[in-house]
Structures are given as structure tokens and as C-alpha cells.
Amino acid sequence: MLISIIIPIYNESEGIKTFHTKHLLPALAKEAPLSFEIIYVNDGSKDDTLKKIHSLTKEIFPIRIVNLSKNFGKEIATTAGIFQAKGDAIVIMDGDGQHPPAEIGRFIKEWQNGAQVVVGVRSSNEKEGVVKKYGSKFFYKLFNATAGHEIIPRSTDYRLIDRVVQKEFLSFSERNRITRGLIDWLGFDKTYITFSSPARIAGSASYSFNQLIKLAFNSFISLSLRPLFLVGWAGAAITLLSLIIGILVLIEQFILGDPLNLNITGSALLGIFISFLVGIVLMSQGIMSVYLSHVHGQTQARPLFVINPKGSSLLNEDE
Ligand code: UDP
Ligand code: MG
């Protein structure tokens, strides 16, 4: 049994050696009969991270290095690593120590017990910045309310996937990707394990506030089209409401001769008419988004379906 460990790294010069020798190697050594390959994906680091990983000892466990030509971002870097992995199972983790390698054994155990995807979930009782804490809380609330499918709060990229899942993952061609979103989309037999995430070994998180906002936004755009449809529904509601108000006002004012003494002015009528038109504009945006969603789905070119070989009996089993 070979297990691949994939670690995307960007500007981790300060901590990478400690991570590798003090955290990763001892954790892997504990899983004795299993063999490992370690794949570092250098995501266009601007410091001497690459030199540092080249200097790590390759004797204990083989190390492969994928050196990306520039910074592509963690999601793409992870994908590059998944392409390289040859293992029966693949563990994906951060290289800053925040996904403690000591937990790898638990991931593997779940896999050996039959799980095809093992998802690491950060325990809730840990300190994080107020902005990030409430920001991500808000994100999950909003996402789960609008996206149409749920994601488990605090689930992370610290994951194990079976090679069967890897094979399907590699068929994704979309550019704006969220690795964990894609893995979730694939399905398969999944279990969750909770771990507590320590502080970084060194340095600071390279995701700035802006990038986090962008990531959250991307999650919405790539995983859900509900926000677009919501605009359309809002338009329909506005149109209907202004139509009803308009009709009531017309009847009250001009047919019944204003028995309620409302004295509706011309500009008030104009206001009602304009909101009626605004509703129609929003509604047509909603209709347009239906077309867009078809185009979007087509260009994402996701597989039509995914078969889980576990539990299937198929015609060709030529692998
Ligand atoms: N990372 C990467 N490319 C980037 C940014 C980050 O490969 O453009 C790596 C980084 O080196 C680390 C992991 O992704 O191993 C998580 O990054 P970080 O700690 O900055 O993010 P956070 O802990 O906030 O998720
Ligand atoms: Mg981190």
C-alpha cells in the first residue's frame, strides 16, 4: 500500500524544514508497514522555499517536487499534486503545520475501514480572529441557505481521498476551482474526523482578507447559481407587488372616486409604474440567468455522472 502526501507550499521557507523533519517524518514513521511518497508542490514561492525542499533528506521516504512556474494559488497547486500522486490513497495537507501530520494515522484508519473520502474538520473550540471567525460563520450560513447543498462548517482541505476519487477528480477542467468543493461534489463514501488546528509553525497566512473574500465569492460562483436566480425572484415579487398596488390605486382613485381620500399624486403613480418596470428588468435578468446557468454548466464540463466502483458490478473491469 502506497500513500501519497500532497503539500502545496508558497513562501514557507522559514517553517518548511521544521514541518518536514519534526512533524511529517515522525508521523509517517509511526505508520510503519505502509509506504509513503511525499509530493511538495512549490507554488511559485518568492523566497528560497524551493531550495529548502530540495535539501530535505529523501532517504526515509521518497520526495517528489512539483515546481510550478509561478504562483497559481493553493487550489491549482493542490490539483497539480493530485495529478502526480501514484498512491492507493492521497492525503492533502497544508505545509505550515496547521494540518497536524500527527493526525495522518487517523485518516488512514478511516480509509482502511472503507471510507473513500476522509474530511478533516477543525474543532470549534479554538482561537481565531474575530473577523475570520464571524466572517466564516456568516459565509457558511449564507452558503448553506442559498447554495442548494450544504457544506459542513469548518471542514478543511486536510483530506484523504482514495485513488478512485483521484481519478474522477482529475477529469475536472474548470479553472476557478475550490478543491474541497469539487471533492464534495464527487460524493463517494465519506467520513469526518475532527482535529484541532495549531498555530502556524512560522510566518503568517498568505491569504489576505481580500483573497478570502475572493475565495468565498468563487465558492458561490462555482458551486451555485442560486444568487442569480434570487435576483430574478426578487424582480418577480417587485413586479407583482407594484402591479397589485397600481391596480388598487387606479380603482380607488379613478373608478371609485377616491373614497379613502388618498389624493394620489401623479408622481406617486409614476413611482409605482417605475418600480413595476424595475421588477420586469430584474425578472428578465433572472430569466437570462437560466440561460447562463446552462452555458455555465456546459462550460464547466463536469462529468455527467460518477460511478462508485465500490458496490457496482460493471461490464468492463479492465483496470
Ligand atoms: N499556499 C499555496 N499557494 C498560495 C497560498 C498558500 O500553495 O498561493 C499554501 C501554503 O504554503 C500552505 C497552504 O497553502 O501550505 C495554506 O496556506 P495558508 O496557511 O496561507 O492559508 P490558511 O491557513 O489561512 O488556510
Ligand atoms: Mg495556514
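Up top is the structure these notes are about.
Draft legend 1. Inspection of the overall build of the chain at higher detail. Check the secondary structure of the chain and you find 10 helices and 7 strands. Its C-alpha atoms give the chain a radius of gyration of 26 Å, clearly above 20 Å, the size a compact globule of 319 residues would have. Principal-axis analysis of the C-alpha atoms gives the chain an extent of 95 × 50 × 35 Å. Buried positions account for 42% of the 319 residues belonging to the chain.

Draft legend 2. Spatial organisation of the packing of aromatic side chains. All told, the structure shown has 6 aromatic pairs when counted by the stated rule. Relative to phenylalanine 61, the ring of phenylalanine 36 has its centre 5.6 Å away and its plane inclined at 90°; by these criteria the two rings are edge-to-face. Remark: phenylalanine 61 occurs in the loop between helix H2 (49–54) and strand S3 (63–67) and phenylalanine 36 occurs in strand S2 (residues 35–42); sequence separation between them is 25 residues. Taken individually, phenylalanine 36 and phenylalanine 61 each receive the classification buried, so the pair is uniform in this respect. The structure contains a cluster of three or more aromatic residues connected by ring pairs, namely Phe107, Tyr158 and Phe195. Between the NZ or CZ atom of lysine 70 and the centre of the ring of phenylalanine 72, over which it lies, the distance is 4.9 Å. We note arginine 302 situated over the ring of tryptophan 185; from NZ or CZ to the ring centre the distance is 5.1 Å.

Draft legend 3. Structural context of helix H3 (residues 74–84). Along H3, 8 of the 11 residues are buried, which leaves the element largely enclosed by surrounding structure. Of the positions making up H3, those classed as buried are Lys74, Glu75, Ala77, Thr78, Thr79, Ala80, Gly81 and Ile82.

Draft legend 4. Representation of the coordination of the magnesium ion (ligand 2). Around the magnesium ion (ligand 2), the protein contributes the donor atoms Asp96 (OD) and Gln98 (OE1), which lie 1.9 to 2.0 Å from the metal centre. Exposure remark for glutamine 98: the relative accessible area of 25% places this residue in the partly exposed category.

Here is what the cut-offs are and how they apply
The residue count restarts for each chain, going from 1 along the sequence in the order it is written. Chains carry letters and ligands carry numbers; both start at the beginning, A for chains and 1 for ligands, and go up in the order they are written. Only residues with pLDDT of at least 70 are given local features in this predicted model, and only at 80 or more are side-chain atom pairs given and counted; all residues enter the totals for whole chains, interfaces and linings. The basis for every side-chain value is the complete set of non-hydrogen atoms in the structure, without hydrogens or water. Where helices and strands are cited, they refer to DSSP runs of H or I of at least four residues and of E of at least two residues respectively, numbered from the N terminus. Restricting the calculation to C-alpha atoms gives the radius of gyration, and the globule rule supplies 2.2 Å times the number of residues raised to the power 0.38. Three exposure classes are used, based on accessible area relative to the maximum for each residue type with a 1.4 Å probe and protein chains only: buried under 20%, partly exposed in between, and exposed over 50%. Each pair of aromatic rings taken from Phe, Tyr and Trp, with Trp reduced to its six-membered ring, is defined by centres within 6.5 Å and is described as stacked if the planes are under 30 degrees apart, edge-to-face if over 60, and tilted in the remaining cases. Two conditions define a charge located above a ring, namely a distance within 6 Å from the ring centre to NZ of Lys or CZ of Arg, and an angle within 35 degrees of the ring normal. A donor here means an N, O or S atom no more than 2.8 Å from the metal, or no more than 3.2 Å when the metal is Na, K or Ca. Since water is not included, a site may seem to lack partners.

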